[in-house]
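Chain by chain, the residues:
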Amino acid sequence: MYERNASHIESLVRDQNDWRGGCINLIASENVTSRRVRGIMGSDFAHRYAEGHPGERYYQGTEIIDEIESDLKQHMKSLFRCKHADVRPISGTIANDAVFSRYIRPGDIVMVNSTPAGGHISHHKAGSVGKYTRNIVNFPLTPDGWHIDVDHTLDLLKSFDPRVMIMGKSLFLFPEPVKELAPYCRKKGIHLLYDAAHVLGLVAGGQFQDPLAEGAAIVTGSTHKTFYGSQRGVILSNLDDEEWRKIDKGAFPGSSSNHHLETLVALTFATYEMLEFGAEYARQVVNNAKHFARKLFDSGFKVQGEQFGFTETHQVAIDMSDLGGGESAARNLKDNRIIVNMNLLPFEPLDHATSASGIRLGVQEMTRVGMKEPEMERIAELFKRCLMDKKFVGDEVKEFRAKFQEVGYSFD
Ligand code: DSN
């Protein structure tokens, strides 16, 4: 009786594959996995459980996943040059929650990047931090809005003692002042956490600040943005063993039970791709983002961060307020097969979240399918024709994208 409905789901999945395979995908939090990574999903591991650590499970029959998970941990540690890696969180937010649940007590003060400054929802009242405390203080920003103001922060810290500082964010153009604030945090016993969800692949590829080396106590991240693996999370640290045990318990049983073995296996494969190709990939991502930003700027868009070279990451931010705002621009682009999201910009009121003035663009996925500087120029030109000249470019986008279907920087 329901088979027709079930078949409809299969056809929707085919539609999705065709649709997004024919679009220029510029959502900064997404990426594509390689053919071989996709190929190993859907295995028997999709049905299994393995709570605990390799060799110390609560279930029988886990020998093979034990080997794979141990391998993943070892290679994550070598990629990020650290002592500890927890690969069990099934997303970046779950990784954050595992850490926040151990370090934030009721009433504690936590310093974060505000939402308009790019802070992730899990850092705020409505998200994970808000489950543990309501005392959330935003970092002051420099007048340009794109950096934490270090002097002003140190000044503010004369009047209160936060327990935790969370750096790293979702609208993320430039490095955070980790090395500037880490000595103060160490002296005062403040836990300095760094959410590297967006930049994890750039850190792995040596193209962005290394937050652990600069003094962060813990790094969390998701593994599917600039790190081009399956959708999961990770926690990395050089804490001493006793302190790390708290985080370990935060990951399991604190924030997860089964840790979704199918995507863990896929992440292990993708981590080898990152070890092999990550440096070259990350370099091209940053070059593409800079070039794209420059070309958009030259076309007349209000690209943010000009005085700092526009971006040091995979992201580009544009103020669209003179062109109808971020929401309408994102919708218009989508109708032309270019997928982006609207975004609040620094200092914009929070209640503009559904009518944000900016758009955020990420070039990591299109880099992975082989696009380089000439293609960034072409996309900038498509943006201009679509958003400024009000032309329909959807058919051209589809034709252009058809030439970029292979996933590179992989063993495919
Ligand atoms: N909200 C996602 C982003 O787009 O940055 C991250 O979870």
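Refer to the structure printed above.
Note that the structure is a prediction, hence the values are computed from the model and not measured. (Residues numbered from 1 in each chain as written. Predicted model: local features only at pLDDT ≥ 70, side-chain atom pairs only at ≥ 80, totals over all residues. Heavy atoms only, no water.)

### Describing the overall build of the protein chain
- Within the protein chain, the secondary structure is distributed over 15 helices and 15 strands.
- Rg of the C-alpha trace for the protein chain: 21 Å, near the compact-globule value of 22 Å for 412 residues, within the 12% margin.
- Dimensions of the protein chain, computed from C-alpha atoms along their principal axes, come out at roughly 60 × 60 × 45 Å.
- Here the analysis covers contacts within the protein chain between residues at least 6 apart in sequence; of these, 75% occur between residues at least 24 apart.
- As displayed, the protein chain has an accessible area near 17600 Å², and 50% of this comes from carbon and sulfur atoms. (Helix = DSSP H or I, 4+ residues; strand = E, 2+ residues; numbered from the N terminus. Rg over C-alpha atoms; globule rule 2.2 N^0.38 Å. Contact = heavy atoms within 4.5 Å. Areas by Shrake-Rupley, 256 points an atom, 1.4 Å probe, with all protein chains shown as cover.)

### Considering the sheet that holds strand β12 (residues 315-319)
- Taken in spatial order, the four strands of this open sheet run β11-β12-β15-β14, and their pairing is antiparallel. The open sheet has two edge strands, β11 (302-303) and β14 (341-343), and neither has a second partner.
- Note that β11 and β12 share two bridges and pair antiparallel. Each bridged residue has a counterpart across the sheet, and for Lys-302 the counterpart in β12 is Asp-319.
- Contacts from helix α12 (residues 326-335) reach β14 and β15 (358-362), with the element oriented near 45° to β15. (Pairing = 2+ DSSP bridges. Axes fitted to C-alpha atoms, helices over the stretch in contact; angles between N-to-C directions.)

### Here we look at the sheet that holds strand β4 (residues 84-86)
- With mixed pairing, seven strands are arranged side by side in an open sheet as β4-β10-β9-β8-β7-β5-β6. Both outer strands of the open sheet, β4 and β6 (136-138), are each paired with one neighbouring strand and no more. Going across the sheet, the axis of each strand differs from the next one's by a mean of 20°, ignoring polarity.
- Sheet topology note: the strand β7 (residues 164-167)/strand β8 (residues 191-195) ladder contains four bridges and is parallel. Along β8, the bridge assignment pairs Met-165 with Leu-192.

### What about the pattern of salt bridges?
- Within this structure, the stated rule accounts for 26 salt bridges.
- The partner of Asp-108 in a salt bridge is Arg-163, and the shortest N-O contact between them spans 3.1 Å. In this pair, Asp-108 is assigned in the loop between α4 (92-103) and β5 (110-112) and Arg-163 in the loop between α6 (150-156) and β7, connecting sequence segments 55 residues apart. Like Arg-163, Asp-108 is buried.
- Connected through salt bridges with shared partners, the residues Arg-378, Glu-381, Arg-385 and Glu-396 form a single ionic network. (Salt bridge = Lys/Arg side-chain N within 4 Å of Asp/Glu carboxyl O. Buried < 20%, exposed > 50% of the residue type's maximum accessible area, 1.4 Å probe, protein only.)

### Topic: the site of the ligand
- Surveying the vicinity of the ligand reveals the residues Ser-29, His-120, Ser-170, His-198, Lys-225 and Arg-360.
- One of the side-chain nitrogen or oxygen atoms of Ser-29 is found 3.1 Å away from an oxygen atom of the ligand.
- In the environment of the ligand, an oxygen atom lies 3.4 Å from a nitrogen or oxygen atom belonging to the side chain of Ser-170.
- For the ligand, whose free accessible area comes to 230 Å², the fraction covered by protein is 65%.
- Of the residues belonging to the shell around the ligand, the class tally is no nonpolar, four polar and two charged. (Near = heavy atom within 4 Å. Polar contact = N/O pair within 3.5 Å; in protein donor to acceptor, adjacent residues only side chain to side chain. Nonpolar A, V, L, I, M, F, W, Y, C, P; charged D, E, K, R; others polar.)

### Some thoughts on the packing of helix α3 (residues 63-79) against helix α11 (residues 261-298)
- Running from amino to carboxyl end, α3 crosses α11 at an angle of 40°, the nearest separation of the two axes being 9 Å. The angle between α3 and α11 places the two elements in the oblique class. Between α3 and α11 lies a crossing whose hand is left-handed. Packed against α3, whose contacting residues are Ile-65, Ile-68, Glu-69, Asp-71, Leu-72, His-75, Met-76, Ser-78 and Leu-79, the element α11 presents Leu-261, Leu-264, Val-265, Leu-267, Thr-268, Thr-271, Tyr-272, Met-274 and Leu-275 at the interface.
- A breakdown of the residues in the contact of α3 with α11 according to their chemical character gives twelve nonpolar, four polar and two charged. (Parallel < 35°, antiparallel > 145°, perpendicular 65-115°, else oblique. Left-handed = near helix turned anticlockwise from the far one by under 90°.)

### A few points about the state of the cysteines
- Counted by the stated rule, this structure contains zero disulfides.
- In this model Cys-23 remains outside any disulfide bridge; the closest cysteine sulfur is found in Cys-386, 12 Å from its own.
- No disulfide involves Cys-82; its sulfur sits 19 Å from the nearest other cysteine sulfur, which is in Cys-185.
- Accessibility expressed as a relative area gives 10% for Cys-82, which makes it buried. (Disulfide = S-S within 2.5 Å.)

### Regarding the nonpolar core
- Ranked by internal contacts, the top residues of the largest apolar core, which has 89 residues, are Phe-80, Tyr-194, Phe-292, Leu-296, Ile-359 and Phe-383.
- The element contributing the most residues to this core is α11, with 14 residues.
- Core analysis: the second largest hydrophobic core is formed by 19 residues, Ile-104, Val-110, Val-129 and Leu-193 among them. (Core = buried A, V, L, I, M, F, W, Y, C linked by side-chain atoms within 4.5 Å.)

### Notes on the packing of aromatic side chains
- With the rule as written, the count across this model stands at 14 aromatic pairs.
- Over the aromatic face of Tyr-228 sits the side chain of Arg-368, whose NZ or CZ is 3.5 Å from the ring centroid. (Phe/Tyr/Trp six-rings, centres within 6.5 Å; stacked < 30°, edge-to-face > 60°. Lys NZ or Arg CZ within 6 Å of the ring centre and 35° of its normal.)

### Details of a nonpolar patch on the surface
- Together, Ile-9, Leu-12 and Val-13 make up an exposed nonpolar region whose accessible area comes to about 260 Å².
- Position of Val-13 among the secondary structure elements: in helix α1 (residues 3-21). (Patch = residues over 30% accessible without salt bridge, like charges linked within 9 Å, V, L, I, M, F, W, Y side chains within 5 Å.)

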